[in-house]
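Structural overview for review
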Amino acid sequence: MSEYKHKISKSRFVSGIQCEKKLYFDLFRHDLKPKMPDNQLLLLERGSDVGILAQKVFPNGLDASPESFYDFSTSIINTSKWIQNGVQTIYEASFFHDEVLSALDILHHINNERWAIEVKSSTSIKDYHLIDASLQYWVMCKSGFQPDKFFIMHLDNSYIRRGDIEPKKLFKLIDITEEVKVKFDWVEQNIAKLKQIQQDVEPEKQLGKYCWSPFECDYMHHCWNHLPENNSVFDLINGRGKSWKLYNDNIYNLSDIPDDFPLTEKQQIQVNGIKYNHSHIDTLKIKEFLDEWNYPLYFFDFETIFPAIPILNNTSPFQQIPFQYSLHILTKSNGKLIHKEFLANPKHFDYNSNEDPRLELILRMIEDLGRRGSIVAYNATFEMSVIKNLEKAYPQYAEQLESIINRFVDLYVIFRNGWYYTPSMGASASIKSVLPAIAPKFSYADLPIKNGGDASNTFLSMIDGSFNGDIDNTKNLLLQYCERDTEGMVIILKELQSLVT
Ligand code: SF4
């Protein structure tokens, strides 16, 4: 057995700090661990692209990455040897002390100082980043390689790509030395506690807010299985403390909430709906709201990508870039329904391309959306913010785009405000819940691409060349998915109109 066999690593420490039982399951109950969804795997791969780019900020380092994730011996030995030989920069520098392992993204020496740098593909520092950095600081100190400074290097959301990526401008280096120093004893105490976890003793742990924070736990399907799958007290709209209070009083179903339990108006509508299977429809408010809309109605929906590393010129990390839209036009009530759509060419998503896909989209949008009539979106603030960004990229079209923004109305308002509630919507007012509740035959279940995340990842894989399916067929699936959103809005509106006229 390797002398460097570890019990605690950075990820295990973060897991154990969230919940000891979670760490126990990670270590000893692999049978409970769900398979990682494809979209999360893609996120990890894209995270490693960020890591490789970060190395360019500190170039020409030696790479101590292990050959196998299960054996860090060579990495630990090489790191120690290279530091002693005066190597200035080491990637994946690995340290070990008393069964605790830490692998650091970048170790750099400058002006007689040793810098520890952890790279994060986020645009800010999260609390859990400080937890894993503190563990790393502790291991480095204990193994005799105390860093003088500890940094988090994350993406800078004020960076705007202009030509080739400039790694030094893309990242922000934040000094967190004081924060990790302060946590030194806390880390030591928690390592001692987590090391006590034994295979034959499953830690006792009640459910708590930590089941979702900082990450939704992989084992909720196991620990939470005594709660009903639908309409549990945790589905109470904006339930928060009330859900926990009910749970701690052994009330698990929404239908079991006592009549005298204090609820907001929206919560009461939801609970009554579940208890007595009745819908709440405020026809007056819905009518007043819909009366403000002007024909022709343009039902509009974007799909976007938001790459961590900007792909196009004049874009920033995680900026929402539209690549597709669907538009249904209803010329008048009970009038003709026309469908229009746009899907960009993934090959144009290249900062060197002469054809910026956003420009093509802007021109088509201006033409398709005409000059008058309300533009209906579901959660319109999203569409409006995407168009605002287009205005910044192409100010010559700002006036036309601004007049488009001013025509938006939001179908979501009716459901968010609880003017229409039917029990099969559950706790959600999203179109994915509302549409099947209103038109059960008309859901997303039959579509291969079922949500915006899938659409975005599919298109991103076409851009970066990792897509290996049938490209024409998949483009049709993307079009089909986006069309369902706008067609769904038409169906929802017709249902609402049938109630108020
Ligand atoms: S679901 Fe909650 S209690 Fe169960 S392991 Fe996860 S965090 Fe711990």
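Residues numbered from 1 in each chain as written. Predicted model: local features only at pLDDT ≥ 70, side-chain atom pairs only at ≥ 80, totals over all residues.

1. Here's the deal with the nonpolar core
Heads up, the condition is: Connectivity within a nonpolar core runs through C-beta atoms within 7 Å, and the core itself is a set of buried Ala, Val, Leu, Ile, Met, Phe, Trp, Tyr and Cys residues. Working definition of burial: number of other C-beta atoms within 10 Å of the residue's own, with buried at 20 or more, exposed at 12 or fewer, and partly exposed in between, all C-beta atoms being placed from the backbone. Residue pairs qualify as contacts under a 7 Å threshold applied to their C-beta atoms, which are placed from the backbone.
In this structure, Tyr298, Phe300, Val376, Val434 and Phe459 are the most contacted members of the largest nonpolar core, which totals 53 residues. In this view, phenylalanine 459 contacts Ile305, Phe323, Pro346 and Leu478; residues no more than four positions away in its chain are not counted. Formed by 47 residues, the second largest nonpolar core is a distinct cluster that contains Tyr24, Ala64, Phe171 and Val180.

2. A look at helix α8 (residues 184–195)
For clarity, the threshold we go by: Here a helix means four or more residues in a row that DSSP labels H or I, a strand means two or more in a row labelled E, and each is numbered from the N terminus. A helix's residues, less one, multiplied by 1.5 Å, set its expected span. Picture the helix axis, draw a direction to every C-beta atom, and the arc is the one those directions span.
For α8, with twelve residues, the first-to-last C-alpha span of 17 Å sits near the 16 Å given by 1.5 Å per residue. If you check which residues of α8 are buried, you get Val187, Asn190, Ile191 and Leu194. Taken end-on, α8 shows its buried residues confined to a sector of 110°, consistent with a single buried face. Exposed residues pointing more than 90 degrees away from the buried face of α8 are listed as Asp185, Gln189, Ala192 and Lys193. In this fold, the buried residues of α8 make contact with α1 (10–18), α2 (20–28), β3 (100–110) and α5 (127–142).

3. Some points on the domain arrangement of the protein
As a reminder of what qualifies: Source of the domain bounds: an automatic or database domain assignment. For this scheme, ten residues count as nonpolar: Ala, Val, Leu, Ile, Met, Phe, Trp, Tyr, Cys and Pro. Four count as charged, namely Asp, Glu, Lys and Arg, and the remainder, Gly too, count as polar.
One can read the domain layout of the protein as domain 1 (10–195), domain 2 (226–278) and domain 3 (284–500). Tallying the contact residues gives eleven residues for domain 2 and six residues for domain 3. Split into classes, the residues belonging to the side of domain 2 that touches domain 3 amount to four nonpolar, five polar and two charged.

4. What to know about the sheet that holds β3
Short version of the rule: Two strands form a pair only when DSSP identifies at least two bridges running between them.
Spatially, β1-β2-β3-β4-β5-β6 is the arrangement adopted by the six strands of the open sheet, whose pairing is mixed. Looking at strand neighbours, the two that pair on one side only are β1 (62–63) and β6 (171–175), the edges of this open sheet. By the bridge criterion, eight bridges tie strand β2 (residues 89–97) to β3 in an arrangement that is antiparallel. From the neighbouring strand, isoleucine 90 faces β3, where its bridge partner is leucine 107.

5. A word on the site of the ligand
So the rule is basically this: Only the C-beta atom matters for this test: placed from the backbone, it must lie within 6 Å of a molecule or strand for the residue to be near it.
In the vicinity of the ligand, the contacting residues are Cys19, Lys21, Lys22, Phe25, Lys205, Leu207, Tyr210, Cys211, Cys217, Tyr219, Met220 and Cys223. Elements that contribute at least two residues to the shell around the ligand include exactly α2 and α9 (220–223). Of all the elements, α2 adds the most residues to the shell around the ligand, at three residues. When the residues that make up the shell around the ligand are grouped by side-chain class, the tally is nine nonpolar, no polar and three charged.

6. Some words on unusual backbone geometry
The amide bond that connects serine 213 to the next residue, proline 214, takes the cis arrangement and shows omega of 5°. Note on placement: proline 214 falls in the loop between α8 and α9. The peptide bond linking tyrosine 295 to proline 296 adopts the cis configuration, its omega dihedral lying at -5°. Structurally, the position occupied by proline 296 is in the loop between α12 (283–291) and β8 (297–305). Backbone geometry places arginine 240, a non-glycine residue, at a positive phi of 40°. Tracing the chain through its elements places arginine 240 in helix α10 (residues 240–248). Positive phi values are uncommon outside glycine, yet asparagine 250 reaches one of about 65°.

7. A closer look at the environment of asparagine 225
Relative to the assigned elements, asparagine 225 resides in the loop between α9 and α10. A C-alpha to C-alpha distance of 22 Å links asparagine 225 and asparagine 238, two positions 13 residues apart in sequence.

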